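Topology and contacts: notes
Residue strings, one per chain:
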Amino acid sequence: MQKILIAGGAGFIGSHLCESFLDENYAVICVDNLITGDKKNIDPLIKNSNFKFINHDTTKFLQSDELTEIDYIFHLASPASPNKKSPRSYINHPIETLLANSLGTYELLELAKKFSAKFLYVSSSEIYGNPTISQQTEDYFGNVNPNGIRSVYDEGKRFGEAMTMAYVRKFGTDARIVRIFNTYGPKMQKDDGRVISNFINQAIENKQITVYGDGNQTRSFCYVDDMVNGLKLAMFTPGTKGQVMNLGNPDEKTILEIARIIKNMVGSSSEIIHEELPEDDPENRKPDIEKAKRLLKWSPKINLEDGLKKTIEYFKKI
Ligand code: UDP
């Protein structure tokens with residue numbers, strides 16, 4: 001049985017990935033220190049004898065009896081929300097975020113080297129910063145404030161990418177980088193402060209829907225099942241060693257459009273209000289996914305309405 005280590009496996013995307021691999025009969029080791037991940041996400045998996053949870057900070061050397069062999073390592077361990085109002089955001093965990101993506105990436109790459117495991121680093125569209133081109137291609141170097149409020153995440157991810165490529169070049173590690181664009185779906189944290197979870201919960205509770213700024217900034221939202229499929233293909237597809245791939249859904253919307261769509265779908269009486277735009281909030285985000293289409297034969301399948309329907313159902317239930 002092949003063994004997969006998922007760092008950040010108790011997080012939103014990580015826990016979906018754990019579940020998907022267990023369904024396909026892999027042994028899964030989930031490593032998470034739960035600073036932003038949530039035990040609730042993996043509670044249903046604990047009874048599966050192929051699943052092991054290790055409460056561990058990835059920036060420290062990982063030693064465990066479970067670690068006799070590892071075939072694949074996914075590194076998703078990092079705070080990811082930019083919303084300073086959320087206790088889980090990287091703004092409120094600045095040092096942890098920098099270290100998870102620098103030292104954490106180093107420790108996990110060392111583990112990959114030791115076990116000759118394949119490695120996937122989960123980077124982010126944030127490495128493009130406030131992009132000066134629309135539809136970001138992998139060869140665009142970005143427009144990042146190197147010491148602004150979001151820099152702990154942006155520069156953390158950029159460092160993580162550099163570290164990953166250094167292992168590919170120096171040690172021949174079989175590693176690849178995936179840049180994830182905005183992803184949503186069940187198991188997002190209610191208090192994460194991300195736009196989709198905020199708007200849905202505000203709409204369900206008939207509270208004011210808080211659009212930051214004028215709402216003309218754009219994002220492109222990918223449903224989590226599509227993202228999980230893309231991550232697996234990026235790891236398993238031959239020829240991906242040393243490759244950098246965008247994964248996301250290019251269906252671009254303004255934040256104001258998203259507010260209206262969610263309000264209508266929930267059938268809410270919420271008022272849409274405007275609040276201050278956070279510092280360095282990117283004006284646009286739209287992935288160019290031609291490379292992933294070509295290399296992985298992957299493209300997102302779930303449209304915004306279907307994905308939102310499932311996400312709204314989830315938040316209504318919890
Ligand atoms: N946003 C908003 N209201 C909210 C939360 C977020 O208008 O309650 C905006 C935020 O300013 C950004 C976009 O929605 O322009 C996406 O924010 P999110 O935190 O989900 O992710 P980002 O893409 O900024 O990392």
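Scroll up a little and you will see the structure.
These lines cover the structure that appears in this document, whether it is placed above or below. (Residues numbered from 1 in each chain as written. Predicted model: local features only at pLDDT ≥ 70, side-chain atom pairs only at ≥ 80, totals over all residues. Heavy atoms only, no water.)

Description of the packing of aromatic side chains
Per the counting criterion, the structure on display carries 12 aromatic pairs. Between Phe 21 and Tyr 26 the ring centres are 5.2 Å apart and the planes differ by 80°, which places this aromatic pair in the edge-to-face class. Each member of the pair, Phe 21 as well as Tyr 26, carries the same accessibility label: buried. Look at Tyr 128 and Tyr 140: their rings are 5.9 Å apart centre to centre, the planes differ by 25°, and that puts the pair in the stacked class. (Phe/Tyr/Trp six-rings, centres within 6.5 Å; stacked < 30°, edge-to-face > 60°. Buried < 20%, exposed > 50% of the residue type's maximum accessible area, 1.4 Å probe, protein only.)

A word on the nonpolar core
Core analysis: the biggest nonpolar cluster contains 57 residues, and Ile 6, Phe 74, Ile 196, Leu 231 and Ile 262 have the highest contact counts within it. Those residues in contact with Leu 231 that sit more than four places away from it in its chain are Ile 13, Leu 17, Phe 74, Leu 120, Val 122, Val 178, Ile 180 and Leu 247. Ranked by size, the runner-up nonpolar core spans 25 residues in total, among them Ile 29, Ile 73, Phe 119 and Tyr 121. (Core = buried A, V, L, I, M, F, W, Y, C linked by side-chain atoms within 4.5 Å. Contact = heavy atoms within 4.5 Å.)

A short note on the site of the ligand
Around the ligand, a shell composed of 18 residues is seen, among which Val 195, Thr 210, Tyr 212, Arg 219 and Asp 281 lie nearest. A distance of 3.1 Å separates an oxygen atom of the ligand from a polar side-chain atom of Arg 150. Asp 281 places a polar side-chain atom, nitrogen or oxygen, 2.6 Å from an oxygen atom of the ligand. Starting from 520 Å² of accessible surface for the ligand in isolation, the protein chains cover 97%. Within the shell around the ligand, the residues separate by chemical class into 7 nonpolar, 5 polar and 6 charged. (Near = heavy atom within 4 Å. Polar contact = N/O pair within 3.5 Å; in protein donor to acceptor, adjacent residues only side chain to side chain. Areas by Shrake-Rupley, 256 points an atom, 1.4 Å probe, with all protein chains shown as cover. Nonpolar A, V, L, I, M, F, W, Y, C, P; charged D, E, K, R; others polar.)

So, the side chain of Lys 187
Within the secondary structure, Lys 187 sits in the loop between strand E7 (183-184) and helix H6 (195-204). Among the polar contacts listed, one links the side chain of Lys 187 to the side chain of Glu 19, at a separation of 3.1 Å. Of the polar contacts made by the side chain of Lys 187, one reaches the backbone oxygen of Asn 41; its length is 3.3 Å. Those residues in contact with Lys 187 that sit more than four places away from it in its chain are Phe 12, Ser 15, His 16, Glu 19, Asn 41 and Tyr 314. (Helix = DSSP H or I, 4+ residues; strand = E, 2+ residues; numbered from the N terminus.)

What about the pattern of salt bridges?
Evaluated as defined, the whole model comprises 20 salt bridges. With a shortest N-O distance of 3.1 Å, Glu 19 and Lys 187 are connected by a salt bridge. Highlighted residues: Glu 19 in helix H1 (residues 12-23) and Lys 187 in the loop between E7 and H6, separated in sequence by 168 residues. Classification of Glu 19 by relative accessible area gives partly exposed; the value is 32%. The residue Arg 88 makes a salt bridge to Asp 38 at a minimum N-O spacing of 3.8 Å. Highlighted residues: Arg 88 in the loop between strand E4 (72-75) and helix H3 (94-101) and Asp 38 in the loop between strand E2 (27-32) and helix H2 (39-42), separated in sequence by 50 residues. Here Arg 88 matches Asp 38 in class, with each residue buried. (Salt bridge = Lys/Arg side-chain N within 4 Å of Asp/Glu carboxyl O.)

What to know about a nonpolar patch on the surface
On the surface, a cluster of nonpolar side chains totalling about 340 Å² of accessible area is made up of Ile 95, Leu 99, Leu 103 and Tyr 106. Listed by contribution, the elements that provide at least two residues to the nonpolar patch are H3 and helix H4 (103-115). Position of Tyr 106 among the secondary structure elements: in helix H4. (Patch = residues over 30% accessible without salt bridge, like charges linked within 9 Å, V, L, I, M, F, W, Y side chains within 5 Å.)

Side note on the environment of Leu 45
On the secondary structure map, Leu 45 appears in the loop between H2 and strand E3 (51-55). With 17 residues separating them along the chain, Leu 45 and Val 28 place their C-alpha atoms 9.9 Å apart. What Leu 45 contacts, discounting residues up to four positions off in sequence, is Ser 15, Cys 18, Glu 19, Leu 22 and Phe 51.

Comments concerning the pairing of strand E5 (residues 118-124)
By the criterion of burial, E5 is predominantly enclosed, with 6 of the 7 residues buried. One ladder, built from 4 bridges, connects E4 with E5; its direction is parallel. In the sheet register, Ile 73 faces E5, and the bridge partner there is Phe 119. Since E5 and strand E6 (residues 175-180) lie parallel, the crossover through helix H5 (residues 151-171) that links them has a hand, and here it is right-handed. (Pairing = 2+ DSSP bridges. Right-handed = clockwise from strand over helix to strand, strands pointing away.)

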